[in-house]
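Listed below, chain by chain, are the residues.
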Amino acid sequence: MSDARELFEARDWDAAGRIGRLRVPRAGVTVETPALLPVVNPHIQTIPPRALAEEFGAEILITNSYVLHGSEELRETVLEQGLHDLLDFPGAIMTDSGSFQLAEYGEIDVTNEGILEFQRRIGSDIATPVDLPTPPGVSRERAEEELETTQRRLEDAAAFEAGEMLVSAPVQGATYPDLRERAGGHAADTGLDVFPVGAVVPLMNEYRFGDVVDVVAAAKRGLGPAAPVHLFGAGHPMMFALAVAMGCDLFDSAAYALYARDGRYLTVRGTEHLADLDYLPCSCPVCTEYVPEEIRESDERERLLSKHNLHVTFGEIRTIKAAIRDGDLLELVEARARGHSAMLDGYRALLEHAEQLERTDPGSKGTFFYLSSESAQRPEVGRHHQRLARFSTPETVLLAEDGTPDGEREAYDERWSVLPPFGPVPPGLAETYPLSAEVPDRTDDRAYEAAATGVARVVEANPGTEWTLVCRDWPDAALDRVPARVELVRVGSESTSE
Ligand code: GUN
Ligand code: ZN
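Summary of the structure given here. Note on numbering: residues in each chain are counted from 1, in written sequence order. The naming scheme follows written order: chains are lettered A onward, ligands numbered 1 onward. Residue-level local features of this predicted model are given only where pLDDT is at least 70; pairs of side-chain atoms are given and counted only at 80 or more, and the full residue set underlies all totals for whole chains, interfaces and linings. Neither water nor hydrogens contribute to the side-chain values; these are computed over all heavy atoms in the structure.

## Observations concerning the nonpolar core
- Residues belong to a common nonpolar core when they are buried Ala, Val, Leu, Ile, Met, Phe, Trp, Tyr or Cys residues joined through side-chain atoms within 4.5 Å. Exposure categories follow from relative accessible area, calculated using a 1.4 Å probe and restricted to protein chains: below 20% of the type maximum is buried, above 50% is exposed, and the middle band is partly exposed. Formed by 97 residues in total, the largest nonpolar core has its most connected members in Leu231, Met239, Phe251, Leu329 and Leu350.
- Going along the chain from the N terminus, every DSSP run of H or I of four or more residues is numbered as a helix, and every run of E of two or more is numbered as a strand. The greatest single-element share of this core, amounting to eight residues, is contributed by helix H11 (residues 209-223).
- The contact criterion used throughout is that any non-hydrogen atoms of two residues lie within 4.5 Å. Non-local contacts of Leu231, meaning those with residues more than four positions away in its chain, are made with Val197, Val200, Val212, Val216, Met239, Ala243, Cys248, Leu250, Phe251 and Asp252.
- The next biggest cluster of nonpolar side chains, apart from the first, holds 19 residues, and it includes Val397, Leu399, Ala478 and Leu479.

Below, the structure is given as structure tokens:
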């Protein structure tokens, strides 16, 4: 166990997402995050770990120490050779503890200390204690009771002599946000090193991405922004951008291999069946060399599909890092949300946590693109509204959307333009982020409603100012939000089209 503050450093931010560096002292490497940890089954290696590093750029992988511990064939070998030699992997190796098997089969034949010691002896770089993955939907009593056990195990893990080995502190609490938040706070207080959010696999299997977002958001509130967060068992690339925007840094993927076994082909928009594909909609080395028929009939089908799945998975991680650098991670999340309605649900849930995302979102990024009515809920819009509440204004102000007539402009001390979804644009700020936004000419009701909220903020903050608002096409739901003392000048669309 080491000091978490020196281990993880977040550099570039976008929403709650970040590009970070996780130092893994025992492996002598630093892993760039967001990172994907391919799950390696020590018994079946369709893609050898060395190829994961050399062909796909994997800096870290995850394997299961409980499987090794229970294997007659591998147990002594791994104790003698060590994990890195056994797997032949040059990067960092994280190990899981058997908790997942415990959740599946109800019991395991190792103790928390026993499996931690085994992980230390085989040379794991990041070990995991035996947490209890409490499934969603259980009673609050059960969730609390199991969380207490998990917390005791984490405290014991914190007292364990781990040497240079890092130790993870899984966050449980089922689907109770207050328990997840408390669990996050407790996990951070243990001083352990990496913080997986656990027991989300059942939610992901049912495509309940909105619930996954709520669980992660709650855990993050407890953990705080400085903690490196792993989303346990999240291997589908379609959800990575969403999870990163929420503040997850590490993912493990068994999906690339499991899906390949039964002919499933991953894309960033969902899963396809190789049997149904006439074309391969991907430009990875596999998909440019083969046509679907050739893969279907190949003896190497599973290996080829695994490779494609890995290319897509690692490719999405790079796409996400590029988006964080460009400041358009939320545009990427939005694009992914359009691939599947369950992802749209996840994005909408994410936006319900806009204030939480806003705390780490940079004040200035690339251009804000308004892409759908969801964009009106983005953290940048709420931040602008808070800022409007701090502006002081002269005696008379004309608020007028661009393109509306403002013939009497001279009668006012100031004229501010109004840009849905932000609302009033203080003079001089039109060219700054996020007000330099690209917005469609044909906007939607949500954008007008958000603009009206902006109007209300600046008006309420300036009771001494007389306000006039010139607006066109605003729906009643937006006009209802405009304070009554604002003089409204409604102009028809046709009046501006000459
Ligand atoms: N793998 C997937 N989910 C979990 C979890 O909740 N705990 C552990 N230890 N491993 C997991
Ligand atoms: Zn491909």
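## Here we look at the packing of helix H20 (residues 379-388) against helix H21 (residues 445-461)
- Here, axes are lines fitted to C-alpha atoms. For helices the fit covers the stretch in contact, and angles between N-to-C directions go from 0 to 180 degrees. Between H20 and H21, whose axes approach to 8 Å, the crossing angle comes to 20 degrees. When the axis of H20 is compared with that of H21, the two are roughly parallel. Here H20 and H21 pass one another in a crossing that is right-handed. Counting all contacts with H20, which are made through Val381, His385 and Leu388, the residues of H21 involved are Ala450, Thr453, Gly454, Arg457, Val458 and Ala461.
- Only Asp, Glu, Lys and Arg are considered charged, only Ala, Val, Leu, Ile, Met, Phe, Trp, Tyr, Cys and Pro nonpolar, and every remaining residue, Gly among them, polar. Its residues assigned to classes, the contact of H20 with H21 shows five nonpolar, three polar and one charged. Under this scheme an angle from 65 to 115 degrees is roughly perpendicular, one under 35 degrees roughly parallel, and one over 145 degrees roughly antiparallel; angles in between are oblique. Take the far helix as the reference: if the near one is turned anticlockwise from it by less than a right angle, the crossing is left-handed, and if turned clockwise, right-handed.

## Digging into the site of ligand 1
- To be near a molecule or strand, a residue needs just one of its heavy atoms within 4 Å of it. As a matter of local geometry, ligand 1 sits amid Asp96, Ser99, Phe100, Thr128, Asp131, Pro133, Gln172, Gly198, Ala199, Val201 and Phe232.
- The term polar contact refers here to a pair of N or O atoms within 3.5 Å; inside protein, the definition further demands a hydrogen-donor-capable atom paired with an acceptor-capable atom, and it admits residues adjacent in sequence only when both atoms are side-chain atoms. Within the contact set of ligand 1, a nitrogen atom lies 2.6 Å away from a side-chain nitrogen or oxygen of Asp96.
- At 3.0 Å from an oxygen atom of ligand 1 is found a side-chain nitrogen or oxygen belonging to Gln172.
- Accessible surface area values rest on a Shrake-Rupley calculation with a 1.4 Å probe, where residue burial reflects the displayed protein chains alone. Considered on its own, ligand 1 offers 280 Å² of accessible surface; in the complex 96% of this is hidden by protein.
- Of the residues in the shell around ligand 1, the class split is five nonpolar, four polar and two charged.

## What to know about empty space enclosed by the protein
- Residues are called lining when one of their atoms sits within 4 Å of a cavity or pocket point, these points coming from a 1 Å grid over the protein atoms alone, where a cavity is a set in which a 1.4 Å probe fits but cannot get out and a pocket is an open set with protein on both sides within 12 Å along at least five of seven lines. Grid points are joined across faces, edges and corners, and a volume is the space filled by probe spheres set on the points. With the rule as written, the count across this model stands at one cavity of 30 Å³ or more.
- In this model, the largest cavity occupies a volume close to 50 Å³.
- Taken together, Phe209, Val212, Val213, Val216, Met239, Leu242, Ala243, Met246 and Cys248 make up the full set of residues lining the largest cavity.
- For the lining of the largest cavity, the secondary-structure elements that each account for two or more residues are H11 and helix H12 (240-246).
- With four residues, the single largest contributor to the lining of the largest cavity is H11.
- For the lining of the largest cavity, the per-class residue count stands at nine nonpolar, no polar and no charged.

## Some thoughts on a negative patch on the surface
- Think of a patch as exposed residues, more than 30% relative accessible area, with no salt bridge, where like charges cluster within 9 Å and nonpolar side chains (Val, Leu, Ile, Met, Phe, Trp, Tyr) cluster within 5 Å. Salt bridges are defined by distance alone: a side-chain nitrogen of Lys or Arg within 4 Å of a carboxyl oxygen of Asp or Glu. Charge convention: Lys and Arg are scored as positive, Asp and Glu as negative, and His as well as the terminal groups of each chain are ignored. The atom standing in for a charge is NZ when the residue is Lys, CZ when it is Arg, CG when it is Asp and CD when it is Glu. Among the surface-exposed residues, Glu395, Glu408, Asp413, Glu466 and Glu487 lie close enough to one another that they form a single negatively charged patch.
- Turning to its location among the elements, Glu395 is positioned in the loop between H20 and strand E14 (396-401).
- Among the residues examined, Glu395 registers a relative accessible area of 61% and is labelled exposed.

## Describing the environment of Asp278
- Structurally, Asp278 can be placed in the loop between strand E13 (270-273) and helix H14 (285-289).
- Taking relative accessible area as the criterion, Asp278 reaches 64% and is therefore assigned exposed.
- Considered as a pair, Asp278 and Val291 are 13 residues apart in the sequence and their alpha carbons are 8.0 Å apart.

## Some thoughts on the coordination of the zinc ion (ligand 2)
- Taken together, Cys282 (SG), Cys284 (SG), Cys287 (SG) and His308 (ND1) make up the protein donors of the zinc ion (ligand 2), found 2.1 to 2.3 Å from the metal.
- Metal-centred angles of 99 to 120 degrees between the four donor atoms at the zinc ion (ligand 2) mark the site as tetrahedral.
- Given a relative accessible area of 6%, Cys284 falls into the buried group. Any N, O or S atom lying within 2.8 Å of the metal counts as a donor, with the limit raised to 3.2 Å for Na, K and Ca; because water is left out of the atom set, some sites can appear incomplete. The rule is simple: four donors are tetrahedral if all their angles sit between 85 and 135 degrees, four are square planar and six octahedral if opposite donors span more than 155 degrees and the others lie between 65 and 115, and anything that fits none of that is irregular.

## Brief notes about the pairing of E14
- Of all six residues in E14, six are buried, a share of seventy percent or more.
- Neither face of E14 is exposed, since Thr396, Leu398 and Ala400 on one face and Val397, Leu399 and Glu401 on the opposite face are all buried.
- One ladder, built from five bridges, connects E14 with strand E15 (residues 414-419); its direction is parallel. When the bridges of E15 are listed, Glu401 appears paired with Val418. By the convention used here, strands pair only if DSSP detects at least 2 bridges between them.

## Looking at the pattern of salt bridges
- Overall, the coordinates contain 34 salt bridges when judged by the stated rule.
- One salt-bridge network, held together by shared partners, links Asp14, Glu331, Glu358, Asp361, Lys365, Arg378, Glu380 and Arg383.

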